[in-house]
Amino acid sequence: MDLYDKDAGDILPVVVIGNGPSGICLSYLLSGYTPYLSPEGTHPNPILQSKLDRNSHLSLLEQDLEYLCEGLEGRSDNPVAVLFDSLLLPDSDFGLDCASPLTWRYEPSRATPHLVLGKGPPGGAWHAMEGSMLTLSLANWMELPGLKLKDWMREKRRNVRNDRATPAEIASYYQHYVTQMGLERNFACGTVTSVQRVHLQEGGRSLWEVQGLQKRPSVVEEESGEEEEVPFSVFAENVVLATGTHDIPARLGVEGEGLPFVSHSFWELEAAISAGKLDDTSDPVLVVGAGLTAADAVLATHHLSIPVYHAFRRSVADPGLIFNQLPKVLYPEYHKVHQMMTQQQHQPNDALSSSVESSPASYNGSYSGYVSFPRHRVLSFRPDRKCVLQGEGGRQTVLQVSMVLVLIGAHPNLSFLPEEGRPMALNPGEPITCRRNPLDVDPFTHESVQQPGMYAMGPLVGENFVRFLKGGALAIASDVVRKRREKELTSKATVA
Ligand SMILES: Cc1cc2nc3c(=O)[nH]c(=O)nc-3n(C[C@H](O)[C@H](O)[C@H](O)COP(=O)(O)OP(=O)(O)OC[C@H]3O[C@@H](n4cnc5c(N)ncnc54)[C@H](O)[C@@H]3O)c2cc1C
């Protein structure tokens, strides 16, 4: 969709910034796809079932979500996420494949006009992930309402392995979903550069002006195939932030972090491997971090017999460590990394307060070429490819490395908002992060507490898994429907 040609006078009820699973799921609900309790639908939770029965003539979008959420517990801190997950995939935590009690009706008359903006094709972060890794979640946890991922994969004659799918398959599923559900007309490619509140003269209305840049074939050099960026501007009553948090890699903030052998992206490991710069004779790669991307880097290097050091701040038994939260049976390779971290820990020489580490190849154990440094932090990187770690009690260890991968998470890029959106965070004094400092929203509407008319979903509100971010879409769509209903009633009352 060309945005630069759009009539600047148009006012959209909703503009969604971000076209990953969050933006796609919200677009589905805003496009008239409406969830009801199916006449034959039953939910394993009898209390929830009786609440749903009471208002079965109403769609879920018209019901009191706070009331339905009461008493429900699940693996998310967002109550509507737990509710919607429990309705879409009842009891899936127990490995059960219970049918959803919901039925979806397409009711175009209920649709809310909206626009979803994204930098690339629909699918968000999934287009940027490494192509061959297995995903973390069970495949049905990654799917969006109305199109079974497994059915789609079978249709494509892809092998459904181990109930899981690759990022490339998931990205392709999300793109297909947008086409199959007829959502394409609401999607446009464009990078948002500014969102600000504007006040209209007539009626004293307050709106959001969303500005950005869209690429189009160069009109000056038509034949060259070159592209140019053209500014656009759209006005909206409500803006939804669904931009994810994978834009800016987190940094350690230590000396030497800018040296060329220190990288903050999994891709650079791939590039070094493809370019033949790393092999089993190289100095070790140092992986810093104990999240899933760090685990993927450990697996990739270890798989190619490239020696690897692995440093992280927590202890291996820390309950906050993601590996201690994942069922072992479902995620065998991450369990393997946890085993490596536990079984092949660096053994310091107690006599020394500082030491130079020998190569991981000299460590005997099941995972040759790997050594972990739990409860260690990086002090500095030196130009001669040495890295200084500090362990408990201040003991320092110097490592000779070929490359360092600092994979300790990422921050969202909300540079298009005043003060990068910080005033809207739970703690406005700190940078916004998915886990520690998400945006402060009403739990049942996902509307910003500080900025009415601004909503947020997905990792920006601490919801990092596709399974749960769908709840944000339900909360926002319900609130938008409520606002529109109230507006209609007010305008009818004024006419009368
Ligand atoms: C390595 C890795 C593995 C993961 N594995 C899993 C897994 O197994 N299961 C799971 O549930 N989750 C997993 N996740 C998390 C998953 O990525 C998120 O749950 C999900 O993608 C978040 O969806 P989203 O739509 O909110 O944001 P994203 O998918 O991040 O999409 C946001 C989109 O917003 C757009 N955007 C950003 N800024 C702008 C702007 N200024 N203007 C216009 N558009 C903009 C971008 O185009 C971007 O694509 C993984 C993440 C990583 C990094």
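Small disclaimer: the values here were computed from a predicted structure and weren't measured.

When you look at the overall build of the chain in this model, what are you seeing that I'm missing?
Secondary structure assignment for the chain yields 10 helices and 20 strands. Residue burial in the chain is summarised as follows: out of 496 residues, 40% are buried. If you take every contact in the chain between residues at least 6 apart in sequence, the share linking residues at least 24 apart comes to 68%.

How should I be thinking about the environment of Cys 189 in this particular structure?
On the secondary structure map, Cys 189 appears in strand β5 (residues 187-189). For Cys 189, the residues in contact, after removing those within four places along its chain, are Gly 118, Gly 120 and Gln 214.

Can you help me understand the sheet that holds strand β10 (residues 262-263) in this one?
Hydrogen bonding along the main chain pairs the strands of a sheet, whether they run parallel or antiparallel. Read from one edge to the other, the open sheet built from 5 strands follows the order β10-β18-β11-β12-β14, with strand pairing classed as parallel. Two strands lie at the open edges of the sheet, namely β10 and β14 (370-373), each paired on one side alone. Summarising the sheet, strand β12 (residues 308-311) and β14 pair through 4 bridges and their orientation is parallel. When the bridges of β14 are listed, His 310 appears paired with Ser 372.

Please clarify how the nonpolar core should be interpreted in this entry.
In a soluble, globular protein the nonpolar side chains are often hidden away together inside. Counting 81 residues, the largest nonpolar core has Val 15, Leu 26, Val 239, Val 240 and Met 457 as the members making the most contacts within it. Setting aside residues up to four positions removed in sequence, Met 457 forms contacts with Ser 22, Leu 26, Val 240, Ala 242, His 446, Leu 469, Gly 472, Ala 473 and Ile 476. Counting residues in each nonpolar core, the second largest holds 40 residues, with Ala 290, Ala 295, Cys 387 and Leu 389 among its members.

Looking at this model, I keep getting lost on the pairing of strand β15 (residues 377-381). Mind explaining?
Working note: regular strand, side chains alternate between the two faces of the sheet. Of the strand pairs in this sheet, β15 and strand β16 (residues 386-390) are connected by 4 bridges, and their pairing is antiparallel. If you follow Ser 380 over to β16, its bridge partner there is Val 388. Linking two consecutive strands that pair antiparallel, namely β15 and β16, is a turn of 4 residues; a positive phi of about 65° is found at Arg 385 within it.

What should I look at first to understand the pairing of strand β1 (residues 11-17) in this one?
Along β1, 5 of the 7 residues are buried, which leaves the element largely enclosed by surrounding structure. Across 6 bridges, β1 lies against strand β8 (residues 227-241) in parallel orientation. Each bridged residue has a counterpart across the sheet, and for Ile 17 the counterpart in β8 is Leu 241. Direction of pairing for β1 relative to strand β4 (residues 114-118): parallel, over a ladder of 4 bridges. Bridge assignment links Val 16 to a residue of β4, and that residue is Val 116.

Just to check I follow, could you spell out the environment of Ser 172 for this structure?
Structurally, Ser 172 can be placed in helix α6 (residues 167-180). Its 20 C-beta neighbours within 10 Å are what place Ser 172 among the buried residues. Between the C-alpha atoms of Ser 172 and Pro 122, which are 50 residues apart in sequence, the distance is 9.0 Å.

Is there a simple way to explain unusual backbone geometry in this structure?
Leaving glycine aside, a negative phi is the common case for residues, and trans is the common case for peptide bonds. With a phi angle near 60°, Ser 305 is a residue other than glycine that sits in the positive phi range. Mapped onto the elements of the fold, Ser 305 is located in the loop between α8 (292-303) and β12. One non-glycine residue, Glu 420, adopts positive backbone phi at about 55°. Summarising the element assignment, Glu 420 is placed in the loop between β19 (410-411) and β20 (454-456).

Cut-offs applied
- Residues numbered from 1 in each chain as written.
- Predicted model: local features only at pLDDT ≥ 70, side-chain atom pairs only at ≥ 80, totals over all residues.
- Helix = DSSP H or I, 4+ residues; strand = E, 2+ residues; numbered from the N terminus.
- Buried ≥ 20, exposed ≤ 12 C-beta atoms within 10 Å, placed from the backbone.
- Contact = placed C-beta atoms within 7 Å.
- Pairing = 2+ DSSP bridges.
- Core = buried A, V, L, I, M, F, W, Y, C linked by C-beta atoms within 7 Å.

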